[in-house]
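Below are the chains, spelled out letter by letter.
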Amino acid sequence: MAANVANGIGPNWPVEDIPDEDRLYMWAHRNYIDPKTGDFGPGMFRIRSGEDGMSTAWSKYSTAEQLHRRAKKPQDNAIIVMRVGEVRAIPNQVVRHKPLPDHQAHSEIEGEKDTEARAKYLEIYQIAIPLLEAAQ
Amino acid sequence: MADKITRYLRQERWSQEESTYQPESYKFIKKEGGYLENVIHIKMLGLKPTPDISHIRDAIQQSRRMLEFGDDWDDEGSVGYTEAVWERSSAFLLNYIVDFLKGRSISIEAPSITPGPDGSFDIYWRLNGRKLLVNIPADENASATFYGDNRDGDVVKGSLNTATGKQWLLTWLTE
């Protein structure tokens, strides 16, 4: 068990409250970019089929680089970052720490990602790792 | 009107790779891009002065890149995009913009057109401290949804029928 913990794997990581002042990291696939402006579109703010919320990584237990390395194709993904308090200010969005055995930082943003929510997410995200660096 | 145009063009345009067909007031060009050019041609008929929407047309044409994505295009299970959704998005934009520009000597910037969730299209403007996001769903029976706000805290949001052009949304965006 000690070896597993050292490797970031724990059978039951404790669920914690995420403070407003902390940050969340998230993958952003290159195909969401508008070629005209170079900006990401709001479609990247979505809940994957079969999941309860939008997957993110809590900054307390993950860096942007660590999350980037977890992507299926890191070269196709940037990493964006959002302040938890600003996420919670978007209507109906709930931030929950949901650690996985091999991913203590895993968190989800529950709540429908409707047109209003996605428009507001566009205002609060920043780039933590841009695509050019991700491609290297 | 856009809905009638779509149905008519679908009936006629698939028979040949290149065709010329001259009914009363319009003709087909080539199949590739033909739909867009013909919708623009029909919408512009009789308009004086003719508004310059070449930048809008270019943005719409470039959005066709999304039709090549295929399923799981983001490595996270997102579904691909269909010609039908692209046509509805194109017709919506042209309806709104050409109707808005009628009789006005102003222009409007082209929006960003990007992949939306579940096979939908996102159309997004950011102008003069205002932003407006319109989502065109994959389901042709579902209404489009929109959200807009400005620095003063004014908000517009709701659903709309993309087959009928209403100027008020672009009027709000550009005032």
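The rules we used
Residues numbered from 1 in each chain as written. Chains lettered and ligands numbered in written order. Predicted model: local features only at pLDDT ≥ 70, side-chain atom pairs only at ≥ 80, totals over all residues. Heavy atoms only, no water. Helix = DSSP H or I, 4+ residues; strand = E, 2+ residues; numbered from the N terminus. Buried < 20%, exposed > 50% of the residue type's maximum accessible area, 1.4 Å probe, protein only. Contact = heavy atoms within 4.5 Å. Areas by Shrake-Rupley, 256 points an atom, 1.4 Å probe, with all protein chains shown as cover. Core = buried A, V, L, I, M, F, W, Y, C linked by side-chain atoms within 4.5 Å. Buried area = accessible area lost by both parts, 1.4 Å probe. Salt bridge = Lys/Arg side-chain N within 4 Å of Asp/Glu carboxyl O. Polar contact = N/O pair within 3.5 Å; in protein donor to acceptor, adjacent residues only side chain to side chain. Nonpolar A, V, L, I, M, F, W, Y, C, P; charged D, E, K, R; others polar. Pairing = 2+ DSSP bridges.

What am I meant to see in the overall build of chain A here?
In terms of regular secondary structure, chain A is built from five helices and six strands. Going from the N terminus to the C terminus, chain A shows its helices and strands as α-β-β-α-β-α-β-β-α-β-α. For chain A, the residues scored as buried account for 49% of the 136 residues in total. A separation of at least 24 residues holds for 76% of the contacts in chain A among residues at least 6 apart in sequence. Put simply, chain A shows about 6800 Å² of open surface, and 47% of that area lies on carbon and sulfur atoms.

Looking at this structure, I do not really get the nonpolar core. What am I missing?
Proteins that are soluble and globular tend to have nonpolar side chains buried together. Phe 45, Met 82 and Tyr 121 of chain A together with Ile 97, Trp 125 and Val 134 of chain B are the most contacted members of the largest nonpolar core, which has 70 residues in total. Examining the composition of this core, we find that eleven residues originate from one element, helix α4 (residues 83–101) of chain B, more than from any other. For Ile 97 of chain B, the residues in contact, after removing those within four places along its chain, are Ile 53, Ile 56, Ile 108, Trp 125 and Leu 170 of chain B. Ranked by size, the runner-up nonpolar core spans eight residues in total, among them Ala 57, Leu 67, Ile 79 and Ile 129 of chain A.

Help me out: how do you make sense of the interface of chain B and chain A in this one?
Accessible area lost on assembly of the parts is the figure often given for the size of an interface. Contacts between the two partners involve 26 residues from chain B and, on the opposite side, 24 residues from chain A. Overall, the association of chain B and chain A removes approximately 2200 Å² of surface from exposure, summing both partners, and the carbon and sulfur fraction of that is 52%. Sorting the residues of chain B by area buried against chain A places Asp 75, Glu 76 and Tyr 147 of chain B first, and these three jointly supply 27% of that buried surface. Of the charged contacts, one joins Arg 126 of chain B and Glu 123 of chain A as a salt bridge, the two residues approaching to 2.7 Å between their closest N and O atoms. Inspection of the chain B/chain A interface yields 15 residue pairs in polar contact (both at pLDDT 80 or more). Listing elements by their share of the side of chain B that touches chain A, those giving two or more residues are β1 (112–115), β2 (121–127), β3 (130–136) and β4 (144–150) of chain B. The element that contributes the greatest number of residues to the side of chain B that touches chain A is β1 of chain B, accounting for four residues. Taken together, the residues of the side of chain B that touches chain A sort by class into eleven nonpolar, seven polar and eight charged.

Mind showing me how you'd approach the pairing of strand β1 (residues 23–29) of chain A here?
Along a regular strand, successive side chains alternate from one face of the sheet to the other. All names here are of chain A. Counting buried residues in β1 gives five out of seven residues, a clear majority hidden from the surface. Of the pairings in the sheet, the one linking β1 to strand β3 (residues 77–83) comprises seven bridges and is antiparallel in character. Paired with Trp 27 across the strands is Ile 79, a residue of β3.

Just checking my understanding: could you explain the pattern of salt bridges for this structure?
Between side chains of opposite charge, pairing is possible as soon as their charged atoms come close. Applying the stated criterion across every chain, the model contains 19 salt bridges over all chains. Note that Asp 74 of chain B and Arg 46 of chain A form a salt bridge whose closest N and O atoms lie 3.2 Å from each other. With Asp 74 of chain B in the loop between α3 (54–62) and α4 and Arg 46 of chain A in the loop between β1 and β2 (53–58), the pair connects residues from two separate chains. Residues Asp 74 of chain B and Arg 46 of chain A agree in their burial class; the two are buried. A salt bridge links Arg 48 of chain A to Glu 51 of chain A, with the shortest nitrogen-to-oxygen separation between them at 3.3 Å. On the accessibility criterion, Arg 48 of chain A (18% relative accessible area) is buried. With a relative accessible area of 29%, Glu 51 of chain A lands in the partly exposed category. Among the charged side chains, a salt-bridge network with shared partners connects Asp 52, Arg 96, Lys 98, Glu 108 and Glu 110 of chain A.

Any chance you could explain the pairing of β1 of chain B here in plain terms?
Residues and elements named next belong to chain B. In terms of strand pairing, β1 meets β2 through four bridges, oriented antiparallel. By the bridge assignment for β2, Ile 113 is matched with Ile 123. The antiparallel hairpin formed by β1 and β2 contains five residues in its connecting segment, where Asp 118 sits at a positive phi of about 55°.

Explanation requested: the side chain of Ser 120 of chain B in the structure shown.
Residues and elements named next belong to chain B. Its place among the elements puts Ser 120 in the loop between β1 and β2. Among the polar contacts listed, one links the side chain of Ser 120 to the side chain of Asn 135, at a separation of 2.8 Å. If we ignore the near neighbours within four places in the chain, the residues touching Ser 120 are Tyr 81, Pro 115, Asn 135, Ile 136, Pro 137 and Ala 138.

Distances and angles like these do not, on their own, reveal function.
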